[in-house]
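# Architecture at a glance
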Amino acid sequence: MAERGRYKTKHHDSVMEILSESPARCFTVDELCELLNKEGRRIGRTTVYRQLERMAAEGEAMKYISEKGESASYRFGGGGCRLHLHLKCLDCGGLIHLDCSVAEDFSAHLSEHHAFLLDPSKTVIYGHCGCSGESAKKR
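Now for a description of the structure that goes with this document. Quantities reported herein were computed from a predicted structural model and do not represent experimental measurements. (Residues numbered from 1 in each chain as written. Predicted model: local features only at pLDDT ≥ 70, side-chain atom pairs only at ≥ 80, totals over all residues. Heavy atoms only, no water.)

### A look at the nonpolar core
The following threshold applies: Definition of nonpolar core: a set of buried residues of the types Ala, Val, Leu, Ile, Met, Phe, Trp, Tyr and Cys, connected through side-chain atoms within 4.5 Å. Per-residue accessibility, obtained with a 1.4 Å probe over protein chains only, is compared with the maximum for each type, and a residue is labelled buried under 20%, exposed over 50%, and partly exposed between these values. Elements are defined by DSSP. Helices are runs of H or I of four residues or more, strands are runs of E of two residues or more, and each kind is numbered from the N terminus.
In terms of nonpolar packing, the biggest core is built from 16 residues, with Val15, Leu19, Leu32, Val48, Leu52 and Met55 touching the most fellow members. Of all the secondary structure elements, the ones that give two or more residues to this core are helix H1 (10–21), helix H2 (29–38), helix H3 (45–57) and strand E2 (72–76). Listed in part, the 5 residues of the second largest apolar core include Cys26, Met62, Leu95 and Val124.

The structure is reproduced here in C-alpha cells:
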C-alpha cells in the first residue's frame, strides 16, 4: 500500500509503465488511452484521467497545459523535475529539462529586479529541438 492509504492499482501501473518508458515525452489522455488499447489494456478515458491527476498530485507525473490552453498533457515526474525550467518541442512533443545556470540567473533577475517569483514547475518554453518531427516522438 502506498502512502496516505492509497493502493497502487493495475491501472496505475499500466499508465506509469507507459510514462516511464518515454520519460521525455508528453502524452494527452487520449494518446495514453490509444496506447493502452493497442497493448490490450482496456482502461476507460475517465480512469486514465483520474490516474494521471493523482500521479500529478503525488509528483509521479508532471502536468502541462497545452500551448493554446485547450488540454493537458502529462509526462513522467521523476525526481527534482519541479526545480528547473523545461523546453517543449512543438514538433515531437519532447520535454527537455533545462538545468542551466543562465536560466537560474534569469529567475534570480526576475525576483531581484522585478519582484516576480518564477515557478519553474509550471514554466515551459516552447520551440523546436531540431528533431525530425514525428519520428522523434518515441525518445
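On we go.
### So, the pattern of salt bridges
Using the following cut-off: Salt bridge criterion: a side-chain nitrogen from Lys or Arg within 4 Å of a carboxyl oxygen from Asp or Glu.
Across all of its chains, the model carries 6 salt bridges by this definition. Between Glu31 and Arg25 there is a salt bridge, with its nearest N and O atoms 3.9 Å apart. On the basis of relative accessible area, Arg25 is assigned to the buried category, the value being 15%. Between Glu39 and Arg41 there is a salt bridge whose closest N-O contact spans 2.4 Å.

### Comments concerning the sheet that holds strand E4 (residues 95–98)
How we decide: Between any two strands, at least two bridges found by DSSP are needed for them to pair. The angle between two axes is taken between their N-to-C directions and runs from 0 to 180 degrees, where each axis is a line fitted to C-alpha atoms and a helix contributes only its stretch in contact.
Read from one edge to the other, the open sheet built from 3 strands follows the order E4-E3-E5, with strand pairing classed as mixed. The open sheet has two edge strands, E4 and strand E5 (124–127), and neither has a second partner. Going across the sheet, the axis of each strand differs from the next one's by a mean of 25°, ignoring polarity. One ladder, built from 4 bridges, connects strand E3 (residues 85–89) with E4; its direction is antiparallel. If you follow His86 over to E4, its bridge partner there is His97.

### A short note on H3
For clarity, the cut-off: A helix is expected to span 1.5 Å for every residue after the first. Directions are taken from the helix axis to each C-beta atom, and the arc is the one they span. Only heavy atoms matter for contacts: two residues are in contact if any of them lie within 4.5 Å across the pair.
End to end, H3 covers 18 Å across 13 residues, agreeing with the expected 18 Å (1.5 Å per residue, within 8%). For H3, the full list of buried residues reads Val48, Gln51, Leu52, Met55 and Ala56. All buried residues of H3 fall inside an arc of 135° around its axis, so they share one side. Close packing links the buried residues of H3 with H1, H2, strand E1 (61–65) and E2. Following H3 by one or two positions, Gly59 adopts a phi angle in the positive range, close to 85°.

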